[in-house]
Amino acid sequence: MSLGPEPDYTFANFLPGQNAGLLAHLDALRMSAPPVFVWGGPGSGKTHLLRALAERWQSGGAQVGWYDAQTPLPWELPAQPSLLLMDDCEQFDPGQQHAAFALFVEAATQGLAVVASGSAPPVDLALREDLRTRLAWGPTFALQPLAEHEVRAVLRREADRRGIALSDEVMDYLLTRFARDLKHLMRLLDQLDEFALASKRAVTVPLLRQMLSDAQSPPDNP
């Protein structure tokens, strides 16, 4: 578990890059609007956006239902629901797909807002046909990846929030040796934070190399 503070999922700390149109659409979302589908690769920010949307609606007093592959069945609506969020739909098993379709029926009947996410457009997801159709009913947005300077800005902001002195040298090492997948980079930052605190050393490239080397080394035989 990270030793740093838990991240806040808000629109304010989501760097929009080329996704300003999507943010504007989510910001204007109201009940009874057509469902919205957001897709993108790992670490593109789908879950961040859905959690930010949940926080926004909940702060206004709305009841929000959250459903993902880790949500155990049965999937029930919250009391007096307003917004339903379905994250990483491609990971739903057959039972969860059936439950997701039933939620769409309930949403249409009660005029609830629905926002869902996935790794690809609905038509390309390996899901039951009726669920794919419901996911594609409304606007579909592809999350555009951040440019390198924007990824650097996100890493710098997260490091500052955690109180990590992240040098340009360490940043260069991370960005030239790992995919610019923010989820993976944030996980590395988590691990680096823990490793530096446990080692009582500053965050440097040698420390990062040691952490990665230790992670790849097989455990000693008892």
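Coordinates for the structure precede this section.
Note that this is a predicted model, so its numbers are computed, not measured.

S.K.: Describe the side chain of Asp68, and please don't skip the residues or the numbers.
M.R.: Tracing the backbone through its elements, the reader meets Asp68 in the loop between strand E2 (63-67) and strand E3 (81-86). Despite its burial, Asp68 pairs with no opposite charge, the nearest such side chain being Arg51 at 4.8 Å. There is a polar contact of 2.9 Å between the side chain of Asp68 and the side chain of Trp66. Within the structure, Asp68 has its side chain in polar contact with the backbone nitrogen of Gln70 (distance 2.9 Å). Once residues lying within four places of it in the same chain are set aside, the contact partners of Asp68 are Trp75, Asp87, Phe92 and Gln96.

S.K.: Let's hear about the pairing of strand E1 (residues 36-39): which residues, and what values?
M.R.: Consecutive side chains along a regular strand alternate between the two faces of the sheet. Note: E1 against strand E4 (residues 113-118), four bridges, orientation parallel. Bridging from a neighbouring strand, Val38 pairs with Ser117 of E4. Pairing geometry for E1 and strand E5 (residues 140-142), over three bridges, is parallel. Bridge assignment links Trp39 to a residue of E5, and that residue is Ala142.

S.K.: Could you give an account of the nonpolar core, naming the residues involved and the relevant values?
M.R.: In terms of nonpolar packing, the biggest core is built from 25 residues, with Val170 and Leu208 touching the most fellow members. If you list the elements that add at least two residues to this core, you get helix H5 (148-162), helix H6 (168-177), helix H7 (182-199) and helix H8 (205-216). Leaving out residues up to four positions away in the same chain, Leu208 has contacts with Val170, Tyr173, Leu174 and Leu192. Core analysis: the second largest hydrophobic core is formed by 21 residues, Phe14, Val38, Leu49 and Leu143 among them.

How each quantity is defined
Residues numbered from 1 in each chain as written. Predicted model: local features only at pLDDT ≥ 70, side-chain atom pairs only at ≥ 80, totals over all residues. Heavy atoms only, no water. Helix = DSSP H or I, 4+ residues; strand = E, 2+ residues; numbered from the N terminus. Buried < 20%, exposed > 50% of the residue type's maximum accessible area, 1.4 Å probe, protein only. Lys, Arg positive; Asp, Glu negative; His and termini not counted. Salt bridge = Lys/Arg side-chain N within 4 Å of Asp/Glu carboxyl O. Polar contact = N/O pair within 3.5 Å; in protein donor to acceptor, adjacent residues only side chain to side chain. Contact = heavy atoms within 4.5 Å. Pairing = 2+ DSSP bridges. Core = buried A, V, L, I, M, F, W, Y, C linked by side-chain atoms within 4.5 Å.

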